[in-house]
Amino acid sequence: MADHTSPDYFSCTLCVNLLRDPVAIPCGHSFCMDCISGYWNEADYTGIYICPQCKITFTQRPVLRPNATLSMVAEKIKKSGFNLNVNVNTPQGNGYAGPSDVPCDFCSGKKLKAVKSCLNCLASYCEKHLKPHYESATFKRHKLVDELGNLDRKICPQHQKSLELFCRTDQMCICAICTVSEHKGHDIVSAEAERSEKQKLLGISTAEIRQKCQERVKELDELKTAVDSLKNSAQRAMLESQKMFEDMIRSIERMRSEVTKLIGINEKAAFNQAEALIERLEQEIDELKKKESGLKQLYGTDDHIHFLQNFNYLCTPTDDGFIPKVTVNPDFSFGAVRKAVAEIKDRLEEFGREELLKISKTVNEVPVYTTESRTLDRRSRGGLLKYSMQRSQSIECNVQLYESSSAGKEHNMTTVDSAPSTPEPRSRADFVKYFCQLKLDPITAYKELYISEHSRKVIRTRDLQPYGDNPERFDSFAQVLCREALSGGRFYWEIEWNGEFSIGVAYRSISRKGKGSLCLLGYNDRSWSLLCSDTGYSAWHNRVDKAVSGPHSPRIGVYLDHPAGVLAFYSIGSSMTLLHRFETTFTEPLYPGFGVGTSVKICNIK
């Protein structure tokens, strides 16, 4: 019992300060109005209200009654300036509870660190507020443990009693009342007995976890080493490729220089040769004109002696053997050179495209790493779960190869599960397991198609979009392909559509240019499609169509099993209805594509 002459008698045990607006509770103890109200506000969700001092429990929240006597005494003490905190142990340095500490449940304002928790009171105490547990006989049988957080979890949420038992049937902690209600007839033991049994398994579990951790660390180290090796390999490949391309550019520059030099030399030689002939022809013309003038003068002279003396000289025939006759070749030009250079350019571009496709195929089809699926094998061994590896799967690395403007971009995706023994999906939940996120490739989009929503929606517009010219682009039909190349596994995706449209898949080599129907999805041997409209469906491949019956739906699902050669289209409504199924052999990666009437949106279903 506290001494009434002690200053502590006039202090609040919650805030350890002079009482402010003191109120009394039914057990007779007094507290600050704000302190006890805040303390019980935190207990409203449990419906159990405890006196912070004597720990008496009230099932209903007591009415707080002002303590007029203590209020007057506290006011006089306050005016007298008497220091109640002289003998109170105040926290020094780091005595206050930090983010990782358990705070005292009875401190108001800034809380002190708790040093003990009481499993009977379900509260944590600092040294100051723990004293009644050591000094009062009321708390002698209470069990104190090192400070614990979340003590409210030690109370049964249904009966508001301490959790002291364990139900092995339902594998949960329960109170005594639970044994005669919800858990009646179950296998029930004390919490201590169950903890003793389960603690035996901790050593085994710890050893297995340690082993698994070591395995994961080893895998992580190996993967990091592989990634570093991959980075180094990629860096070397980039540097060496850059050097070889620079060498090729220098080689082309040398060819350009040699062709330019060859044209210049031939031009200069022809000019020099023609210039000499021109000079000689001009000299001969001057001499002939002079002789012609002399003949005219001789012909008109009256001096017979002068005529006879000059006749033989002027009438001597001109010797034509010294100057060759010049015949200009009207077909001569450097057009042959231009044609040869154009052939070199065409061959170089064709060779480059072929080699880039080979590089792309080589890089994308070689897996960087493989993974094994860790599946739970629930076999009991002394109550401990064991894990075993049941199957493995391979996964190809997504590689982005930035090609020239004539080659565009290519992405590889692989199946989530390609085990040959896995049955084909039957329900929508089974299909969703193979969901793959697709994105539209603007490099392939027709110029009247507007792509939005992070490359997942395309709208047909009347305005031309500012797309550049590209060999990958459809130039006559409102079509677009996705970026992802699907191969080696199973895939599923869904779309929402409006207006007549076609949905399908195509090899990369599908024609993109010209007004011929061979560019349309399903009108060639390089693609397969489903044409959808408000009046019905039809399936197309290599210009052969097949009428399809099925319920109209604004949502279509597509399932692709590349290794098995299966491509199936489904109408998605309250249930999935198969519209059409292609069964063939796919020899190349497939790109999902759309022919857009009004709009198409790729759905995100995960």
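Residues numbered from 1 in each chain as written. Predicted model: local features only at pLDDT ≥ 70, side-chain atom pairs only at ≥ 80, totals over all residues. Heavy atoms only, no water.

(A) Spatial organisation of the confidence of the model for the protein. Here the protein averages 80 in pLDDT, while 82% of its residues score no lower than 70. Per-residue pLDDT stays below 50 along residues 375-420; that stretch engages in 120 contacts with residues further than four places along the chain or on separate chains. (pLDDT = per-residue confidence, 0-100. Contact = heavy atoms within 4.5 Å.)

(B) Quick look at helix H3 (residues 127-135). Within the span of H3, buried status applies to His129, Leu130 and His133. For H3, the buried positions fall inside an angular range of 100° around the axis, keeping them on one side. Residues of H3 that are exposed and point over 90 degrees away from its buried face: Glu127, Tyr134 and Glu135. Contacts made by the buried residues of H3 are with strand S6 (116-118), strand S7 (123-125) and strand S8 (144-146). (Buried < 20%, exposed > 50% of the residue type's maximum accessible area, 1.4 Å probe, protein only. Helix = DSSP H or I, 4+ residues; strand = E, 2+ residues; numbered from the N terminus. Arc of directions from axis to C-beta.)

(C) A look at the sheet that holds S7. Taken in spatial order, the three strands of this open sheet run S7-S6-S8, and their pairing is antiparallel. Whereas interior strands pair on both sides, the edge strands pair on one side only; in this sheet they are S7 and S8. When the angles between neighbouring strand axes are averaged without regard to direction, this sheet yields 35°. One ladder, built from three bridges, connects S6 with S7; its direction is antiparallel. Counted as the bridge partner of Lys116 is Tyr125 from S7. Packed onto the sheet, H3 meets S6, S7 and S8 and runs at close to 110° relative to S7. (Pairing = 2+ DSSP bridges. Axes fitted to C-alpha atoms, helices over the stretch in contact; angles between N-to-C directions.)

(D) Inspection of a nonpolar patch on the surface at higher detail. On the surface, a cluster of nonpolar side chains totalling about 280 Å² of accessible area is made up of Phe307, Leu308 and Phe311. Mapping Phe307 onto the fold places it in helix H5 (residues 304-314). Given a relative accessible area of 30%, Phe307 falls into the partly exposed group. (Patch = residues over 30% accessible without salt bridge, like charges linked within 9 Å, V, L, I, M, F, W, Y side chains within 5 Å. Areas by Shrake-Rupley, 256 points an atom, 1.4 Å probe, with all protein chains shown as cover. Salt bridge = Lys/Arg side-chain N within 4 Å of Asp/Glu carboxyl O.)

(E) Up close: the sheet that holds strand S23 (residues 544-548). Read from one edge of the open sheet, six strands run S17-S27-S20-S21-S22-S23, paired in antiparallel fashion. At either margin of the open sheet sits one strand with a lone partner, and together these are strand S17 (479-481) and S23. Each strand of the sheet is rotated relative to its neighbour by a mean of 20°, with strand direction disregarded. Where strand S21 (residues 527-533) and strand S22 (residues 536-541) come together, six bridges link them in antiparallel fashion. When the sheet's bridge partners are listed, Trp528 is paired in S22 with His541.

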